[in-house]
Each structure stands twice: as structure tokens, then as C-alpha cells.
4 protein chains.
Amino acid sequence: MVIEEVRIKDRYTQIRKCTLKICSPLTPEDHVVQPVVDVSPPKWHLGHTTWFFETFLLEPFAPGYMLFNDSYGYLFNSYYETVGARVIRTDRGNMTRPTVQEILDYREYVDEKMDTFLEGPLNDKVLELMELGLQHEQQHQELLFYDIKYILGNNPLFPSYQDTALSSAATAGIPNYLPVEEGVYTIGYQGEGFHFDNEEGIHNVFIHGCALQDRLITNAEFLEFIEDGGYQDFRHWLSEAWEWVKTNNIKAPFHWHFQDNIWYHYTLNGGLKKIDPAAPVTHVSFFEADAYAKWRGLRLPTEFEWEVACNQYGSVNEHSNFMGSDTYTPVPQEGGNNQFYGDVWEWTASAYRPYPYYQAPEGAVGEYNGKFMINQMVLKGGSCATPEDHIRSTYRNFFHPHLRWMFSGIRLAKNL
Amino acid sequence: MVIEEVRIKDRYTQIRKCTLKICSPLTPEDHVVQPVVDVSPPKWHLGHTTWFFETFLLEPFAPGYMLFNDSYGYLFNSYYETVGARVIRTDRGNMTRPTVQEILDYREYVDEKMDTFLEGPLNDKVLELMELGLQHEQQHQELLFYDIKYILGNNPLFPSYQDTALSSAATAGIPNYLPVEEGVYTIGYQGEGFHFDNEEGIHNVFIHGCALQDRLITNAEFLEFIEDGGYQDFRHWLSEAWEWVKTNNIKAPFHWHFQDNIWYHYTLNGGLKKIDPAAPVTHVSFFEADAYAKWRGLRLPTEFEWEVACNQYGSVNEHSNFMGSDTYTPVPQEGGNNQFYGDVWEWTASAYRPYPYYQAPEGAVGEYNGKFMINQMVLKGGSCATPEDHIRSTYRNFFHPHLRWMFSGIRLAKNL
Amino acid sequence: MVIEEVRIKDRYTQIRKCTLKICSPLTPEDHVVQPVVDVSPPKWHLGHTTWFFETFLLEPFAPGYMLFNDSYGYLFNSYYETVGARVIRTDRGNMTRPTVQEILDYREYVDEKMDTFLEGPLNDKVLELMELGLQHEQQHQELLFYDIKYILGNNPLFPSYQDTALSSAATAGIPNYLPVEEGVYTIGYQGEGFHFDNEEGIHNVFIHGCALQDRLITNAEFLEFIEDGGYQDFRHWLSEAWEWVKTNNIKAPFHWHFQDNIWYHYTLNGGLKKIDPAAPVTHVSFFEADAYAKWRGLRLPTEFEWEVACNQYGSVNEHSNFMGSDTYTPVPQEGGNNQFYGDVWEWTASAYRPYPYYQAPEGAVGEYNGKFMINQMVLKGGSCATPEDHIRSTYRNFFHPHLRWMFSGIRLAKNL
Amino acid sequence: MVIEEVRIKDRYTQIRKCTLKICSPLTPEDHVVQPVVDVSPPKWHLGHTTWFFETFLLEPFAPGYMLFNDSYGYLFNSYYETVGARVIRTDRGNMTRPTVQEILDYREYVDEKMDTFLEGPLNDKVLELMELGLQHEQQHQELLFYDIKYILGNNPLFPSYQDTALSSAATAGIPNYLPVEEGVYTIGYQGEGFHFDNEEGIHNVFIHGCALQDRLITNAEFLEFIEDGGYQDFRHWLSEAWEWVKTNNIKAPFHWHFQDNIWYHYTLNGGLKKIDPAAPVTHVSFFEADAYAKWRGLRLPTEFEWEVACNQYGSVNEHSNFMGSDTYTPVPQEGGNNQFYGDVWEWTASAYRPYPYYQAPEGAVGEYNGKFMINQMVLKGGSCATPEDHIRSTYRNFFHPHLRWMFSGIRLAKNL
């Protein structure tokens, strides 16, 4: 147990610092706004992740803990109905106070108290909540990248976030197919480590023989769809998808811009850049992923097919492109890495619904996943903005089918 | 083949007459309006089902067929992008012309031509389209009941549709559980008869041991949920469901009215009536069905569990309450009928997604089902407004989770 | 007084019959719908005008009067907050019951009771309310024409309302200017006859020397504006007008259709017709009238300039085109008639605000005019749908500046 | 002319510095957001006013002037269609770049160039545009106060802007009436100094005998309206006003908060404060001003009555509360100052329409006023946020009748 406690304190320090690093290229102004309802202001993320530790750890478990500021609960609660009133999501981007500096002070205050708190003996309930708090902060680290990219990419000046060297682009070859044999497979998290409640309820599924491509769909491949008039032909699209395309005048992935006959996209690594043909396409909605698959005469894999294939063929290796590689941009396949992990979250054909034996936990923590299990689709595998230790084959990410400000992408499958 | 042709002609006549019978209690005025986007005006249904036979049978296959009116294609196309422009759905309720009488003339004209056409030799393609046209008209018969009930029930005068005798209400006993054994089951339509494309792709699923209740949830049971404050407690509700409840101020199933401390509901059989405690609750959304199940500590069955249980325990029998019983209202369980068929469509826990081997057919007919496979949930078993010969255990109905103007209801399940 | 009573009874009969005549070309279906919020279903007009006599005359003054139907008050109240709850305006078009026939029965019932009631001695209060009820019904007669034209003209079949002969079109000559001398003028109703509260408060205005054109702007003249790109040039438009043009993609007056390079418009006299170059343009919003005037380098007259000019130059004569001429369509200027009266309501430059001494009457009748005196513009002179005895130079009609489903048109003015 | 040039350079320096002073209490974060469409981010004001001098003075008249940044035209154009594309107003609050510091650099760059430019000989056109630019900046200074108050007052922390001493509150006595004699008066700007185009077109109006109160309506008086149920009684309200009250659940002036049975309001001088009974009520819409007047049995003055009364009785004196008094809050009447000038803009009964001889100037400058002359009401007299030298009796301010984030207030009038 002592070892565990030491580890958790170090991890706490490391993860909390990482969040600050993510925001370090930002100006105070960049921290404030909320251009669409799905995006949260970076300073809100800074406050909210801190509020989590204050509310769920320090307040109940650290004797004599004094709140940093009584009103922060109201400002930094996200959606926990159990915990009380909160600033409505659409008004988050209008809260100029507390300032970034005040929130950094809040972080420092809570971090100091946590340091002391983590020195003491920690019971299992505390360790469990600590782990959740850290995983929660890692999720917000990834959201920070999405939201920062939205905020900067929405600005006509296309400000730079960073500009580090990327390895030179290879050409993507013809994709091969990775077969999955017909049979009954066990799905869900079976280890001892951390996992979310939505991965629980180990259960069997029957999978028919199928095969998944051994790499992600590239920008060059997706461009063929665009140039073939894919966005103009209703036959590829689900009915709601077609309405979405027409209403929003969608013509390319999010962050793509067509200027002087050339396709550019806004990136966190170098600002506006020509698209790299060999890199995985990203910022596509499920609607686009599904239409693309139909246009190719193929389909998306189910979350179960994906999980089984990943267990068989996927691995985290030197070529995996996670947050730690500091690119924050999907990169071309390299060295036989089949890209199950990192680069982009892969849309699956599966609606986000509870596993057969799923039980939402009691209390506020029970609001973490279960209540979102409707009208969303499952994505797998993590992205270039995911911390490497925050992903597993059983991890179920989920987004509404029209959303695409996250690093989402496409892998295709077929029946055998 | 001759036999088949005779049969199809008789069925054509019978089904077409049935549609007229459904509309016969209506005034011309009742045929016109569209109070919400999901409802279509009854006269539009009368025209649209006729347009189907004209467009897909007479025009391509009956030599020398003359269109009744050139502009009707524009008015009566529903959503077939393949077939051309159409009146946008939200403007359907503003089309006062053609009048009901003109549409009845249109029906008569097409029916006469069809009579002649059906005398001739019919190839397989024609027979297939005929079958689809008849099934399509049966689906619209059911929709007519929903839409008529919406239109009349929305009127402060609560006009009567019919008032026939119902068998006296029994009391619903404690529900028993019907066990489904763990194992691999085959799902999808396997017979020779008519079925929709979305039932195709026979495939295996693994089902864990579970049990389904042997009857539908009753009004009395649902009233307990209301009286326990179920609509005011966010813990039972999915996040989007809770928004829906608050935004729309939902407090009871659709068509329910609370007057002088008594719960009434609008029915097609007698207008405004006190709710019958023993009758199945209906006009609940998936959101309400799911919240109710959670409040009871149980869950909805998946579509696969339901299909397997229905194959094992369900039957169409003398107590099954379909359109043919002329009640148009769910009735209490009777004589050991476990209500898998008829009364209400049963919400399942399954999102409406394609089966593994699903292939949308080519052409306009391919728009029938596949393009709706997103953001909707599967319902099973048919209702008191479903023609008896229009249902099977593999039939997949689907609606968005917030909708409830159809005859939808609840059966609960649990893990074993 | 006896004479007065006789007259009022005859007028009651005549005006009530006229309303029925207006609806006589309609099918029951045409009576039901409400394609936009500003339009009311014809059957609602039939019921509402009847409800007015029942509520304000029979109920308070006819001893022993029994309501025809208790719920009709709820259904047929328009906007009188004083009198209680009412069907919200956007739901009027979904009320299929009472049917047209039931409303005709309602009218007959009330008319019979009114006949008896009008035989008796009538005090001044009653006579005053009778007059208001008749004027009110005449206003609804005019609205009926607007609403019927909207309903039929919105239908892709462009059904015919009537098709009577129109006198052959003359060519409109160059407009002359009618001078108004600088000075102080008295404004407002000064006679003994009926007038609305908004004409009261006789008061003086100072008018600078100006001149008004001696006829209305024609379709040919307005077409020059269209062909000059008037709808595409922001410089002619008020800021809100320009938003309105862009948001609604406005390119021509309402009811105009461009087919095979020819401009048609839907009319109540012959359905879809080529526009008549010499006839006054109609179905233009204030935004369009104002933009047109600016494009011409001229301006609209104020309501005061118009009233003074009309008193000096206007007259109801054999060429005035009112409801009684049964055209329901503006016609070319003829025989020196300067068109101050009839044909189209003329947009003025004046916002609809109370006169200096204006006092809203007490009670429900006080809601007739005063509460609408914001964000609307004044129109003068009556139209081809106005009863001839329902107009005077002091009559102040008013509509929001973006509306144009009524018979509205343009007369230009300039400073001297 | 030399004198004039010196003066304009000094005024330029003084006015530009004043804008910076207004923003000096703000954090960078406070400069960014746009909580509602009517509010602009403070940093946008800083950029836009600078862009005005760059675009209309330096670019056309300063030879060899180099734009500070090519893209700023796009970012800081407000609504001048003539000058090209612009960031849509609802997206202004999402532009985090340029940062506040970059905009301050932009200001410094332009100010330096302007310094040099203003040394040279200036022709009349330039002097005219300079004057407009300075007046324009003063208008934005006032808007800055409104917008800053909105941004800070919308924050649940109610941050302080400043906290300077206010003179102790007097009690407001019974208002007296200032009579205006019946007669013809000349309206509009007749001097030699700066004025806006909308004050031009000197013309006569006839005014009937009336009297205006000699002070503004106080908080205490308005509280009587609240406590009498004024916000719950439809009879006081225009129809659109009543919809506005119900839709937005309006219960008090903007920035008012009811806590523990006490009325507070957010102020720029001390944050949240108990309302001062003797101070003028502010942050009321026209709808509220009009309802209040009706409830009192009085009325608002017309803009003409106000202008005449102000010319007769009004004066800028030691008690006038303008921006220069650094309160940014209306204060109680003192020393016989009848408050025509300063404290709050006074709603009039007049719609904002062009004067009879009004001509919009040519070019972009012509978009300044004329195109807004619809659906707005005239306000007179300036406020506690108006620069003292930026007001005249002929000044016509205008806002939509539902708006109230500006310092707006009420003076009542009656007929004689």
C-alpha cells in the first residue's frame, strides 16, 4: 500500500503539471471563450479538474479543509446534478472571472493541500477516487487539445500553437486486411487496473468472420471521396446525415480550408498547413465516416470486432502517436504499426449502449458514463491527444454522430 | 403463380378498403392538418399510398398508363430522394388541395387501373413490388391511427373517433418471468414470406441468461412511478432524457390529462376516459420506458432477447389485440396471453443499427429502411393498430427515443 | 333611434352574409389551415366574428341567452387578455373541430338570436358595440381575402378562387405630382360617424411643402427595380430590411413566380397570371416600399402628408376598386382616379404610434388598437379587399414592416 | 485653420487616452467575451475605433501609410457593408486573437502615425472625418461602459469595476411640471458645430400644450410599480412588451437582484449595492418605461416635446452627471438640476425615423445612422457614461424597445 501511495502522489504531480503544460502556449485571452456549446474554455478545464479533487477528495476526506472560494463549486461543476447548481454550459464562455491567474492560484492551493493529504494513509475509497480524479484530468487534457484547436482554428489569423518537427511523410500503401475468425469472444475489461464503469460487465458476443484494414484511412483516400462528389450524393448518407450536410453546408472535414485550389487544414503543429496525403484523415463525424465507408463499398467495424482485432493485432509501440509524442496531429503509418492505438479515435458501427451486466455506480460518480448512453456512437483506440497510459482495447469513447471537433478518424472492415 | 396472382389481387382490394375504413369516421377537416412534424395529414396518407402503386407499379409496368395528375408526384412523395422533388414535410399540413374527395377519386382511378393490371401476368419483380406496396400501405394504416389520435386528441373538444364495447377490465396480477437460456441464437428472418430488408442478414448472437416479464407494464404500475416523483428525479433519466423532461415539462404519458384529481387519457375508443389500471401503459417514449425500468431496478430487454423470448413464448392467439379487433386501444392481459404480439410496440434496449450482413437494396426501395439506422431505438411486437398479418418476431420497428405519439409500451427484463 | 336600429339590423344581416359569400368558393379543407402565424384559418374567422357578437352583445345584454357551446370562447378568442384563455395563435391551424358546418350552425344560431335581440330597444352602449362588431367583421372580411390568397397561393396546384372579367389593362402614364402646401393641418377624425379609437385625438401637425404622386407605383415600375438588381444592392435597404432580404432570399413581391423567363403572380381572380404592367404593384413589405423609394431618389409620404393630400385630392368614385367591385386584385388607374382609395393599402413613412391625445378605452375593447402601437408602420387608403363603407382618410391601418401577405402597395412623395 | 488643427490633435490625444482609461480596470480576460449579441468585447471596441482612423483617415489621406495588419480590417469592421467583409457580430466574442496587448500595439502604431499626420495641413474633408472619428470614439466609450457593466454584472462573482465615493443620497421630492406652450417649433440642429446627419433637416413641428416632469423617475418610484404587481398586469403593456415580459420572465430592471428580501443592483461603482431610492431608475427598456407611464396615468414625452423643453429648461451645470464625474452610475437630483442632461438617456414616445429633409450622406459614412431608422425608439439627453462634450438637445440616440443594457431611464409628461 505504501508503494501505491507514493506512486499516486507522483502521478498526481506529473498529471497536474501536464495540464499546465498543455495550456502554456495560450494567452490569457485564449483561455476564456466557448465558440460552440461542445467546447469549454481552457480556464474552465483548469478550474473544473481542480474542483474535482477539492470536491470529491479534500472536502470529504481531508479534515479541516477550507474551500478556496465558496462560489467555485457553482462555476466549475460540469454536469453532476447530484452535487448541485452549476453555470449552464452555454454561459461558461462568458465568465471572465476568476481570471486565469486566479485559477492558477486555485490549482496551487489545492495542489498543496493534496500534497499534504497524499502523505497520509489513504483508504481504498480514497485511492479509487484519486484514480478516477487522475483519469478524469487526463480526459480533460485530451478535451483541452480539441477545444484549443477549435478556438485557434476558428480565428481568421490561424494562430500557431506549436511548430515542432514531424518525421517526413511516407506514402501509404494499399491497405491489407486483418482477419477475425468467427466465434464467441469475451468483451469488456478483465484486468486489475483502472477502467471506467462502462467497460464493466464482462460478457460474450458472437462475431461472424470479418476483416479489418491494417491502417487508418488517409487524407488522400478521403480526398477521392470529396472529388468524386461524395458530399453531394445523398445515396451515401444516412437520412439525418444528409440533413446535416445540407443544413451546415458541409464540404470537407472540420478544420479543412480550400484556398487557391489547394486543400489546407489547421493543425496544432504549424498552424495552417497543406494536408499530408499519407496522414490519417481526422475531424470527420460518424456521418462522414459512415458515408465514406458506403461509398467504398465497405463498412465500419463494430466495437466488438474492433476490440477483438485490436487484442489480436494491435499494440502500443514506438510508432504509436499519443500525446507524449508532442505532435498533436495524426501522422502517417510507419514501420508496420497498424495504428490501432493513437493518432485518431476510430468511429465504430456500434451505438453507445450499456453492456448486459452494466450497473451505474451510486452517487455523483455514477453520472460519469451511464447517463450518456443514448444517441451516441462508440469510438476506440485513442488519439494523438490521448495520454499513452490512458488507453486500453476495452476503452469506450463516445460522441454524437454529427460531432467532429475531436481527433476522430476511420478504419474500414468487411465481412469474410 | 396463378394462385399467387389471385391472392394478391384480393389482398390488394382488402387492404385498400381497410385504409378507407380507417378514415371513414373523419370529417374532411380532420384529413388536412399536421400538428407536429412527425404527424402527416390523413389525406396525405391516402394520396401517398396510392402514389406508391402508381409510381412503382403502374408507371413502369402497365403499358400506356396515364398519370391521374402530373403534380401529384410532387405532393405525395414522402422521402424518396431517388424519385425527385417533394413537398417538404413541414408544409404537408398546409396543402388544402387536392381535397379529400379528389384524393378519393385518385384512389378510385388507380384502383381501377390496378384491377386491370393485376389481371395480367405478373413477373417476380412486380409481385415483389406489389407485396412491398401492400406492406407499405399497412404501415401507413398504423400511422393513420397514430396521426388521427394526435389530431383529435390535440383538440380541446376531444372528439370521438368510435365508441365500441370493450371487454371488462381484469386486474393485472404479479408479473412472472420467462427465462431465456444462455447460448448462441440465430437472429433475423429465415422463412420464405415477406419481410423487410432490415430483417435480413441472418446472424448469430450470444445471449446471456436472462428473463422477461410475461406481460406488459400496466397503467397502474406506471402511475406508481408518477406518484413516486419519477418525473422529478434526475437519477432515473438519461442526460438527454432529463433535458427533454424539463424542456417539455413532461409529467405523464402522452394523451394523459389530470383533471379534478383524476387521470384521464384520450383514446380512440370513447374519447376522454379514466385510465384503466389493468391495461398496458402506452404513449411513452424510450426515455420514459428506460427511466421507468431503472426506477424499478430492472431493465428493458435487447431486441435479441426479445426476439428469442418471443419465438419461445409468444404467439398470436384469440387474445392478441391487433387492428382487427377494432379497439385501437391496448387492453388488459387476458387468458394467459403474454402480450408479445399486439397492444403496444415494446421498446427494447437496442439501438436501430444494421445487421452484420445487411445490404440496402438498389434504387428508391433501398431508401426504405437503411437510411434511418441512426439515433433510433428498436421496438418489437406490433400494437393494437397493427394489421395481424403484418407482424413477425423478426419485425424491427424503430422510433427516435423521445417520440411517443405511437402505441409504444414497456416490458421489463432482468439478468439471471 | 328607431331608424338607427332598423339600419343596424339590416347592416348586420348584409355584413354577416357577405362573410359567408367570401368563403363560398372554399372547400371545407381550405377553411382549416394556418400556413404561417400571421394567417388564420378561414373557419376561425367565421367563428371568431360570431364569438364577438355572442361575447360582447348577447351574453351581457340579451337576457337568458344560452351559449351555443361552452368551449367556443376558448377556441375563438383572438387576443383579448381581458376575456380569458385562448388557443395560442400557432395552434389555430390544427383545430379540425368544430367543423366548418358546425361553425356555420353556430353562426346561424347567433344570427337568429341577434335578429331577435336587434328587434328590441337598444341603448347607446349596445349600438356602439354593434357598430364595433360590424366594423370588426368587415376587418375580418378583408383578412379573409389575405388569408385565403395565402392558403391557395401557397399550394403548388394554384387553385382558382374565382375568374371574373377584368377591364382591359390601360398603360400607366408618367405620374404627376399633387402639391401639399406648407402649413399647420388638423389630423384625426372630426365627424360624427364610426371611427376607431386610434383616429381620435384631433391634433395639429406642421407639414412642410411636399408633393405626392397622383397614382400608385405599377408592376412595370417595380420590375425596373428588380431588373436593376435592387434586391441585391444593400445601399437601398434599411439594415433590418437587408437581413430580411438575405435570410429569406427575397427576390420579388410575395405571390410572384418566375417561370420560363416570365413573371407571373398568383391572383384571386384567375389564379396564376402574367403580371399586368399597368396594375399597381402589391404584396410588398414596408422594407421593399422604402427600398424602392430610395432607389428612385424619392420617399414615402408620412401618414399626415397622405391624409392631407387625400382630403384635398382623393375621392371614392366609380373607378375606386374596393371589395364591392369583386376583383380582389388591384387594377390599372382609370379615368383620372388617383387611387387614394382602394386597390392597395399604401405604406407611409410613419411609425404607428398614438396621437397626442389618444386614450385607450376601458376594458376588452381597449385592447383593439392601442396595444399594437410599437414596431409597426401606418398604411392608408384601403384596398381591393376593403368594404367601401369601411374606409376614410383618417383610417390608420398598421402592419409590421416585413409583412406583405396583405394588399399593400406604394405611392411616392417628394419635398417641394 | 491652424488653430483648428492644433485643437483636433489635442482632442485626438485626449479622447484616445480616455478610451484606454475606461479599460484600465479590466483584466485581459474581461476584454474578450460577448455574452449577448448586443454587447461587443472591450478589445473589439479598442480595435474598431482604431480601425476607423486607419481606414477613413490614414489609408486615403496619409501618403505611404502601411497597414498595421492586413487582416484587421476583416476583424474590426463593424457593419459598414461598403467597406467589405467582416466578422459576423455573433462571432466577435470568440476571437481571442489579436490579444489585448496586440491591439494596444495597434493603437500605439496608429496613434503615432496620426500624430504625424495631424501635424500636416488638413483639408476640410479630413477635418470633417477627424471630427466624425472622434465623435465615433466617444460613442464607443459610452458603449464600453454598457458592455463592461454587462460582462461584469453577468458574472456570479460580481467583480468590482471601481469604488469611488458618491455624494450622500438626497430624497427626491414631488416632481413639478415644466410647461411647454402650444405652438410651432423648429426642430433639428441649427448651429455650426459637429452633429450627426440624423439631426439634420431643420423643420417645424406643431406641439400641443404639455408639461414635462422636472426630474427623472427614481428607483423608489419604480419600486412602487413592481410592488403593485406592474410586471404581472397585462393592461399596462404593449402586446409585444407583454410577450417579452413573459418569455424572458422579466420582473425588475436589468442588473437588479432580489436577495433576502432586499433589492440590490449591480453598479460600476461599488459592485452589488442596495438600490438608492432617490437615484434615477436605469436599465429599463422602452417597454418598461411605457408600461410605467401608463400605470401612473401619464405618458412619455415625444422627442420634439423633449427637445423644446430641454432648450427651455435644461442646462449642463455643476450637477450634471456625465462620464467626467467618474461615477458611471445615475445619482439623485441635486441643487435644482432638472436632469435633462446626463444620468440616463430618456426614452421618448417617438419612433426613430428620418426628419422630413433628411438625406443620408454618400459612401460608408452614410451607413452611420440612416439605415437603422426602423423599429427603434428615440432617447435624449445623454447619461452618466456620456462625455460631456458629446451631447446636445438635438442629439438623437436610438435603441430597440426591448433593450436595456444601456443607461436608459424615464421622464414623464402630460397634456395640458
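Note that the coordinates shown come from a computational prediction; the quantities given were computed from them, not determined experimentally.

S.K.: Looking at this structure, how should I read the relation of the copies chain A and chain D?
M.R.: One copy of the chain maps onto the second through a rotation around an axis plus a translation along that axis. When chain A is fitted to chain D, the residual RMSD is 0.0 Å, and the transformation amounts to a turn of 180 degrees plus an axial shift of 0.0 Å. The relationship between the two copies is best expressed as a two-fold rotation axis. Among all residues of chain A, the one whose C-alpha sits closest to the rotation axis is Glu29 of chain A, at a distance of 2.7 Å. The fraction of interface residues of chain A whose copies in chain D are also interface residues reaches 100%, indicating that both copies meet through the same surface.

S.K.: Before we go on, may I ask you to explain the interface of chain A and chain D in this structure?
M.R.: Facing 29 residues of chain A, the contacting portion of chain D comprises 29 residues. Across the interface of chain A and chain D, roughly 2300 Å² is buried in total on both sides, 60% from carbon and sulfur atoms. By the criterion of area lost to chain D, the three top residues of chain A are Glu29, Arg97 and Leu157 of chain A, representing 29% of everything that side buries. Seen at the junction of chain A and chain D, the total is 2 salt bridges. For the interface between chain A and chain D, the tally reads 8 residue pairs in polar contact (both at pLDDT 80 or more). Going through the elements one at a time, α3 (72–76), α4 (100–119) and α5 (124–153) of chain A are the ones with two or more residues in the side of chain A that touches chain D. Split by residue class, the side of chain A that touches chain D holds 15 nonpolar, 10 polar and 4 charged.

S.K.: What is the right way to look at the sheet that holds strand β10 (residues 397–399) of chain B in this model?
M.R.: In a beta sheet, neighbouring strands pair by backbone hydrogen bonds and run either parallel or antiparallel. Residues and elements named next belong to chain B. Strands sit in the order β10-β9-β8-β11 across an open sheet of 4 strands; the sheet is mixed. The open sheet has two free edges, formed respectively by β10 and β11 (408–409), since each of these has just one partner strand. Bridge analysis of strand β8 (residues 345–351) against β11 gives 2 bridges, and the strand direction is parallel. Of the residues in β11, the one forming a bridge with Glu346 is Gly409.

S.K.: Explain the relation of the copies chain A and chain B to me, please; I cannot follow it from the model alone.
M.R.: Mapping chain A onto chain B calls for a screw motion: a turn of 180 degrees about the axis and a shift of 0.0 Å along it, with 0.0 Å RMSD after fitting. Most of the interface of chain A is mirrored in chain B: 100% of its interface residues are interface residues there too.

S.K.: What's the story with the interface of chain A and chain B in this structure? I'm lost.
M.R.: Accessible area lost upon the coming together of the parts is a frequently used measure of interface size. At the interface, 35 residues of chain A touch 35 residues of chain B. Where chain A abuts chain B, roughly 2900 Å² becomes buried across the two surfaces, and 56% of that area is made up of carbon and sulfur atoms. Connecting chain A to chain B are 0 salt bridges. Looking at the side of chain A that touches chain B, the elements that each hand over two or more residues are β3 (203–207), α7 (239–248), α8 (286–295) and β8 (345–351) of chain A. For the side of chain A that touches chain B, the per-class residue count stands at 18 nonpolar, 10 polar and 7 charged.

S.K.: What should I look at first to understand the pairing of strand β9 (residues 377–380) of chain C in this one?
M.R.: Across a regular strand the side chains alternate sides, sitting on one face of the sheet and then on the other. Residue and element names in this part refer to chain C. Covered by surrounding structure in β9 are Met377 and Leu379 together with Val378 and Lys380, the residues of both alternating faces. Pairing of strand β8 (residues 345–351) with β9, which is carried by 3 bridges, proceeds in the antiparallel orientation. Bridging from a neighbouring strand, Glu346 pairs with Lys380 of β9. Sheet analysis places β9 next to strand β10 (residues 397–399), joined by 3 bridges and oriented antiparallel. Within the sheet, the bridge partner assigned to Leu379 lies in β10 and is Asn397.

S.K.: Would you mind going over helix α6 (residues 219–227) of chain C with me for this structure?
M.R.: One turn of the α-helix equals 3.6 residues, which is why residues spaced by three or four share an orientation. Residue and element names in this part refer to chain C. Here α6 has its buried residues at Asn219, Glu221, Phe222, Leu223, Phe225 and Ile226. On its buried side, α6 packs onto β5 (256–259), β6 (262–267) and α8 (286–296). Just downstream of α6, Gly229 is the residue with a positive phi angle, here 80 degrees.

S.K.: Just checking my understanding: could you explain the side chain of Arg92 of chain A for this structure?
M.R.: All names here are of chain A. For Arg92, the location among the structural elements is in the loop between α3 and α4. In this structure, Arg92 is buried with no salt-bridge partner, the nearest side chain bearing the opposite charge being Asp147 at 7.1 Å. Within the local environment of Arg92, its side chain forms a polar contact with the side chain of Ser40, the two groups lying 2.5 Å apart.

S.K.: Would you mind going over the environment of Tyr189 of chain D with me for this structure?
M.R.: Residues and elements named next belong to chain D. Following the sequence through the fold, Tyr189 ends up in the loop between β2 (183–187) and β3 (203–207). Exposure remark for Tyr189: the relative accessible area of 18% places this residue in the buried category. Placed 203 residues apart in sequence, Tyr189 and Arg392 show a C-alpha to C-alpha distance of 8.8 Å. Separated by 2.9 Å, the side chain of Tyr189 and the backbone nitrogen of Gly193 make a polar contact.

The rules behind each value
- Residues numbered from 1 in each chain as written.
- Chains lettered and ligands numbered in written order.
- Predicted model: local features only at pLDDT ≥ 70, side-chain atom pairs only at ≥ 80, totals over all residues.
- Heavy atoms only, no water.
- Least-squares fit on C-alpha atoms with pLDDT ≥ 70 in both.
- Contact = heavy atoms within 4.5 Å.
- Buried area = accessible area lost by both parts, 1.4 Å probe.
- Salt bridge = Lys/Arg side-chain N within 4 Å of Asp/Glu carboxyl O.
- Polar contact = N/O pair within 3.5 Å; in protein donor to acceptor, adjacent residues only side chain to side chain.
- Helix = DSSP H or I, 4+ residues; strand = E, 2+ residues; numbered from the N terminus.
- Nonpolar A, V, L, I, M, F, W, Y, C, P; charged D, E, K, R; others polar.
- Pairing = 2+ DSSP bridges.
- Buried < 20%, exposed > 50% of the residue type's maximum accessible area, 1.4 Å probe, protein only.
- Lys, Arg positive; Asp, Glu negative; His and termini not counted.

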